[in-house]
Amino acid sequence: MKENDTLAISFIGQFIHLGHTMKNTTTTAESPVHFSSTTEVGRIQEYLFHYSEINIDIPGTLEVTFPRIGYLVLYVMSGDTFVQRFLNYHQSPSLLNRFYINGLFSEGSLAIQQSGRGGGYAVKVHPVIGYYLLKFPLSKLTNQQVLLGEALAEEGKLLRELEADLLLHPFENMYFQQFFEKILPDKSTYQNDPIYHAVNTIIERKGKIAVTELSKEFSMSERTLRRQFLLKVGLSPQAYAKIWQVQHVMELLLGNPTSSLDNIAYDAGYYDVAHLSRDFRNKVSFTPSELHERRNGLNEHYLKSPSSFK
């Protein structure tokens, strides 16, 4: 199997387990929060997928900040006492035992409030693959979470029925496998789409590419490129590239704590520290110097977990 054939699609039952690749446990003295996670690998038909299995125990209430990423997130949570609410998604709570998909968010970080004990599964999905899976413009998904069963309308009927009786691990249910087999897009559909490859180019170059260069590389006008990105990614190519440039800054800050902001700005493709700091405040919602203070096991796992498609 080629590396470009590695699709991380989660929540599919009857999978072939290939082993976990990462474990993480966090407990803080100030707030006795327990968090553990593993990143697992499974297979269904020709698809290889990674998924994160997460367990959380929060005695009080915890607010977690998730920096923006360039992937859609597909997830399901469960637990007798677990409550999760997206503070900047119109205060919308996440229903338990329901599959959600989150779109890209255009400004700031994703703020989540959590309490209680629970667990769940999550996977990062390449936006263009998400477009072919959902079959509607991803601009409609920007800055919000939607129930997957409702977003898929008629195709989601089986999922809605399964969710009503979701008592077991979804991987143990052959009907979940049948559902996801049905909605998976054919690989040739997105592999023949230039926007899929344009997204991968932005990812590979860590956002350091101009829209004019990108449009020339894929032989289309800037206007066409922008229209196609809004349709299949949810953001303009410039806004999408900025996500990856800022994420690269975070990686450099966390990986090189003694490096100066001048060096990090240069490595990330910024003219100077002022431009880096402005972007960081606008896109991450806090300053570069606050990154280490706000790091925790949950969002570090969120950033480091394998992407859906490489």
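Residues numbered from 1 in each chain as written. Predicted model: local features only at pLDDT ≥ 70, side-chain atom pairs only at ≥ 80, totals over all residues. Heavy atoms only, no water.

1. Side note on the nonpolar core
Of all hydrophobic cores here, the largest spans 68 residues; its most connected members are L134, L148, F229 and Y240. Of the residues forming this core, the biggest block, 8 residues, is contributed by strand 3 (residues 47-66). In this view, L134 contacts I101, L141, L148, A151 and L152; residues no more than four positions away in its chain are not counted. (Core = buried A, V, L, I, M, F, W, Y, C linked by side-chain atoms within 4.5 Å. Buried < 20%, exposed > 50% of the residue type's maximum accessible area, 1.4 Å probe, protein only. Helix = DSSP H or I, 4+ residues; strand = E, 2+ residues; numbered from the N terminus. Contact = heavy atoms within 4.5 Å.)

2. Let's talk about the pattern of salt bridges
Applying the stated criterion to the full structure yields 6 salt bridges. Salt-bridge contacts for R205 lead to E213; the nearest nitrogen and oxygen are separated by 2.9 Å. Among the residues examined, E213 registers a relative accessible area of 39% and is labelled partly exposed. Salt bridges sharing partners connect three or more residues here, namely R205, E213 and E217. (Salt bridge = Lys/Arg side-chain N within 4 Å of Asp/Glu carboxyl O.)

3. A short note on the packing of aromatic side chains
A full pass over the atoms with the stated rule returns 8 aromatic pairs. An aromatic cluster of three or more residues is present, and its members are Y75, F86 and Y100. (Phe/Tyr/Trp six-rings, centres within 6.5 Å; stacked < 30°, edge-to-face > 60°.)

4. Thoughts on the pairing of strand 7 (residues 110-125)
Looking down a regular strand, the side chains alternate between one sheet face and the other. When you tally the buried positions in strand 7, you get 13 out of 16 residues, the bulk of the element. Sheet analysis places strand 3 next to strand 7, joined by 13 bridges and oriented antiparallel. If you follow I54 over to strand 7, its bridge partner there is G120. Looking at chain direction, strand 4 (residues 72-78) and strand 7 are connected through 7 bridges and run antiparallel. Bridge pairing in strand 7 links V73 to K124. Sheet topology places strand 5 (residues 83-86) next to strand 7; 4 bridges connect them, and they run antiparallel. Paired with F86 across the bridge in strand 7 is I112. (Pairing = 2+ DSSP bridges.)

5. Considerations on the confidence of the model for the chain
Taken over all residues, the pLDDT of the chain has a mean of 80, while the share at 70 or more is 79%. When pLDDT is averaged over each element of the chain, helix 8 (residues 222-232) comes out on top at 98 and strand 1 (residues 16-27) at the bottom at 37. Low confidence marks residues 1-31, where pLDDT is under 50. Its contacts with residues over four positions away, or in another chain, come to 113 contacts. (pLDDT = per-residue confidence, 0-100.)

6. As for the side chain of E163
Note on placement: E163 falls in helix 3 (residues 157-164). No salt bridge is formed by the buried E163; its nearest oppositely charged neighbour, R98, is found at 4.1 Å. Engagement of the side chain of E163 in a polar contact is seen with the backbone nitrogen of F99, the distance being 2.8 Å. Among all residues touching E163, those that are not within four sequence positions of it are N97, R98 and F99. (Lys, Arg positive; Asp, Glu negative; His and termini not counted. Polar contact = N/O pair within 3.5 Å; in protein donor to acceptor, adjacent residues only side chain to side chain.)

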